[in-house]
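Structural characterization, general
Read off the chains here:
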Amino acid sequence: MSAVLGLSGYFHDSAAALVIDGQLVAAAQEERFSRRKNDASFPIRATRWCLESAGLSLGDLTTVVWHEKPLLKLERVLLTSLRTWPRSSTTFRRSMVSMFGDKLWVKSHIVEQLGVDSSIVRFSDHHASHAAAAYLCGPFEDAAVLCLDGVGEWATTSRWKASDGALEPLGEQHFPHSLGLLYSVFTAFLGFRVNEGEYKVMGLAAFGEPRFGEEIAKVFRLHDDGSFELDMDYFCFHREPDRSYTSKLEELFGPPRAPGAPLEQVHKDIAASIQRACEETMLKLAARLHQETGASSLCLAGGVALNSVGIGRLLRESPFDDVFVQPAAGDAGSAVGAALLAAGAPRTAIARPGWGQSIDADSAGAYLRDGGIAHTDHGDGIAAEVARRLSEGQVVGWMQGAFELGPRALGHRSILCDPRKPEDKDRLNNKVKFREPFRPFAPSVLAEASPDLFELPSGGAWTRRFMTSCAPVKSDDIAAATHVDGTARLQEVHADTQPLYAELLREFGERTGVPCLVNTSFNLAGEPIVNTPADGYGTFLRCGMDALAIGPYLVTRD
């Protein structure tokens, strides 16, 4: 038996993935167990769960692979610091403390934490891990692959040709010229937290006009072939630890927004402008890849690939017929890719969203009984009961099956409500999620009913399966799930992979005529998505949900 453990960590989205005999069997982010959002620590809890779920021990592992190469990262830090010395002296000192404290000695940490022999430890290239996670988990035998993120070892963008289960590198762009870091700089400029607030910038962009195009072009030079350069006079993320942009950027765009300060129209217009630049870059890179590969399908990974508005434009405007985005496109997914590469795994499309710890009816019932928590057991009728409550205007927490890998809740750890009432959007933001009022919510819809509610491109079914693309809404019946620009980041639900969630949508549709629900992740602002019944019940008590479904059990406010 071959048992390969893939790991990512020490920057953000620590995760573990287990591949047995070439098949992915489990994958989970550390944050779901530690309860620290974007936990970057060594993924020991996720590792233990992956092994336990497969009935294996650490001694059964044949390979442990880290998702990137620490020595090449050190090379980048050293050379970048030398090139910008002495202005980089503070960054250099902090980087050295960080690298020599944890990030450089990954092999020793793996051996120490897991107790495995050092001879089975391997390292994968960061972008190769991303590319493998996109292609080997995707539905296309032949495809072009595009990886876009902040930075790996050196690469910030990479292009690949994939065929017959193999990946061929075509080219890459190197640090400090990075589309992901550019977007993060403007995330910070607009007063949001980097590596968390990029979604907010994308959502805010719909409220603005991209009137800062000329200013963006001064700091970010985009060429017809998709290559680009940042004018580093405007940026200092490569040499300063606590600041990512210089005073020249402030002179060009005005004063930055302080975190928590009111959002003004200028901030919305800046967000729209950097979002437009991101989309145009994605389109140019896609056109280049199509010319280089002749492929009809495109796979994407890396944090930038989670820009669902950009993916929507790729589906509508790029020369590719179809697109797949790895659902865990960030570093959590790179643990999957590293494991698949090390295992020599064949390409196997992932059709289901849940790869993490499952809700077990027996243990859930025991938790509720032992805690003296009043509940009712609806057995096989839980979907019908929840559909009834949702149709009456209630907001319900929904915990079923294995939790999802990646940032999207796809009907396993979700907060659900009726999509027909536009005022429910404000209710969810203000009283349930406790987050900014401009942020949109996504709809889950029965796959067969999707064409009735959305304007769908000819391709993209696999992006809609995992909620990784946006499409225009053509129905007035889902106002609470429609963003200000008339689009939605939809999830199409298939009965063969999510039978209970499909049953819930079907029951709701029979009651309302709309087989669609608002679906947002089951967490409060600043917290990771819930995992266990205890996580879910604790969150339920601290927000304005009306009911909580855990397996077949229902807990209500009354």
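As shown above, the structure is provided for reference.
The model shown is predicted, which means the values in this text are computed figures rather than measured ones. Counting restarts for each chain, with residues numbered from 1 along the sequence as it is written. Two thresholds apply to this predicted model, a pLDDT of at least 70 for residue-level local features and 80 or more for giving and counting side-chain atom pairs, whereas whole-chain, interface and lining totals are computed over all residues. Computation of side-chain values covers all heavy atoms of the structure but excludes hydrogens and water.

Counting from the N terminus, the helices are the DSSP runs of H or I reaching at least four residues and the strands are the DSSP runs of E reaching at least two. The number of helices and strands found in the chain is 20 helices and 24 strands. The size measure is the radius of gyration over C-alpha atoms, and the globule rule it meets is 2.2 Å times the number of residues to the 0.38 power. For the chain, whose C-alpha radius of gyration is 23 Å, the value lies close to the compact-globule estimate of 24 Å for 558 residues. When the backbone C-alpha atoms are referred to their principal axes, the chain occupies close to 65 × 60 × 45 Å. Accessible area is worked out with a 1.4 Å probe on protein chains only. A residue is then buried under 20% of its type maximum, exposed over 50%, and partly exposed in between. Counting across all 558 residues of the chain, residues that qualify as buried make up 60%. Working rule for contacts: check all heavy atoms of both residues, and any pair within 4.5 Å makes them a contact. The long-range share in the chain, meaning contacts at least 24 apart out of those at least 6 apart in sequence, stands at 71%. Of the roughly 20500 Å² of accessible surface on the chain, 49% is carried by carbon and sulfur atoms. Positive: Lys, Arg. Negative: Asp, Glu. His and the chain ends are not part of the count. Every charge is mapped onto a representative atom, which is NZ of Lys, CZ of Arg, CG of Asp or CD of Glu. Distance from the positive charge centre (56 side chains) to the negative charge centre (71 side chains) of the chain: 4 Å. To measure how exposed things are, a 1.4 Å probe is used in the Shrake-Rupley method; for residues, cover is taken only from the protein chains shown.

The rule for a salt bridge is simple: a side-chain nitrogen of Lys or Arg has to be within 4 Å of a carboxyl oxygen of Asp or Glu. Inspection of every chain in the model, using the stated rule, returns 27 salt bridges. Across the pair R388 and E385 runs a salt bridge whose closest N-O atoms are separated by 2.6 Å. With R388 and E385 both in helix α15 (residues 382-391) and three residues apart, this pair spans about one turn of that helix. Take E385: its relative accessible area is 14%, and that puts it in the buried class. With its nearest N and O atoms 2.8 Å apart, the salt bridge here joins E492 to R464. Remark: R464 occurs in helix α18 (residues 461-465) and E492 occurs in strand β21 (residues 491-493); sequence separation between them is 28 residues. You can call E492 buried: its relative accessible area is 5%. Residue classification places R464 among the buried residues on the basis of a relative accessible area of 7%. Several salt bridges converge on common partners, so that one network encompasses R159, D225, R288 and E292.

Attention shifts here to the state of the cysteines. Here, a disulfide means two cysteine sulfur atoms that sit within 2.5 Å of each other. Per the stated rule, a full pass over the model turns up zero disulfides. Considering cysteine sulfurs only, C299 is the nearest to C147, which forms no disulfide, with 9.6 Å between them. In this model C516 remains outside any disulfide bridge; the closest cysteine sulfur is found in C417, 10 Å from its own. Judged by its relative accessible area of 0%, C516 falls in the buried class.

Note on aromatic contacts: the rings of Phe and Tyr and the six-membered ring of Trp form a pair at centre separations within 6.5 Å, being stacked when their planes are under 30 degrees apart, edge-to-face when over 60 apart, and tilted otherwise. One pass over the full model with this rule turns up 18 aromatic pairs. Centroid distance F324 to W462: 6.3 Å. Interplanar angle 75°. Geometry classified as edge-to-face. Of the two residues, F324 is situated in strand β12 (residues 322-325) and W462 in helix α18; the sequence distance between them amounts to 138 residues. This pair shows no difference in class: F324 is buried, exactly as W462 is. Chaining the aromatic ring pairs together yields one cluster made of F186, F189, F212, Y245 and F253. Criterion for a charge above a ring: Lys NZ or Arg CZ within 6 Å of the ring centre, and within 35 degrees of the ring normal. Lying across the ring of Y234, K248 places its NZ or CZ 4.6 Å from the centre.

Let us now look at the sheet that holds strand β2 (residues 15-20). One open sheet accounts for five strands, arranged β3-β2-β1-β4-β5; its pairing is mixed. Looking at strand neighbours, the two that pair on one side only are β3 (23-29) and β5 (121-123), the edges of this open sheet. Ignoring which end each strand starts from, the neighbouring axes of this sheet average 20° apart. Lying over the sheet, helix α5 (residues 106-114) contacts β1 (3-8), β4 (63-66) and β5, oriented at roughly 145° with respect to β5. Only the stretch in contact is used when a helix axis is fitted, and all axes are lines through C-alpha atoms; the angle between N-to-C directions ranges over 0 to 180 degrees. Of the strands in this sheet, β1, β2, β3 and β4 are in contact with helix α13 (residues 331-343), which crosses β1 at around 150°. Note: two strands are recorded as paired if DSSP finds a minimum of 2 bridges between them.

With that out of the way, let us pick up the side chain of T156. One can find T156 in strand β7 (residues 155-163). Overall, the relative accessible area of 0% leaves T156 in the buried class. Aside from chain neighbours lying at most four places away, what touches T156 is H127, C147, L148, D149, G150, V151, Q173, H174, F175, H177 and S178.

Another point: the side chain of S178. Its location among the elements puts S178 in the loop between β8 (166-174) and α7 (179-189). At 3.4 Å, the side chain of S178 forms a polar contact with the backbone nitrogen of G180. With near-sequence residues (within four places) excluded, S178 lies in contact with D149, G150, T156, F228 and L230. Polar contacts here mean pairs of N or O atoms no more than 3.5 Å apart (in protein, one a potential hydrogen donor and the other a potential acceptor; neighbouring residues in sequence count only if both atoms are side-chain atoms).

Cis geometry is adopted by the peptide bond preceding P176, which originates at F175 and carries an omega value of 10°. Positionally, P176 belongs in the loop between β8 and α7. Positioned with a positive phi, D21 is a non-glycine residue whose angle comes to about 50°. Within the fold, D21 resides in the loop between β2 and β3. Note on D21: relative accessible area 52%, which makes it exposed. Its identity as a non-glycine residue notwithstanding, R35 has a phi of 65°, on the positive side. On the basis of relative accessibility, which here comes to 28%, the residue R35 falls in the partly exposed class.

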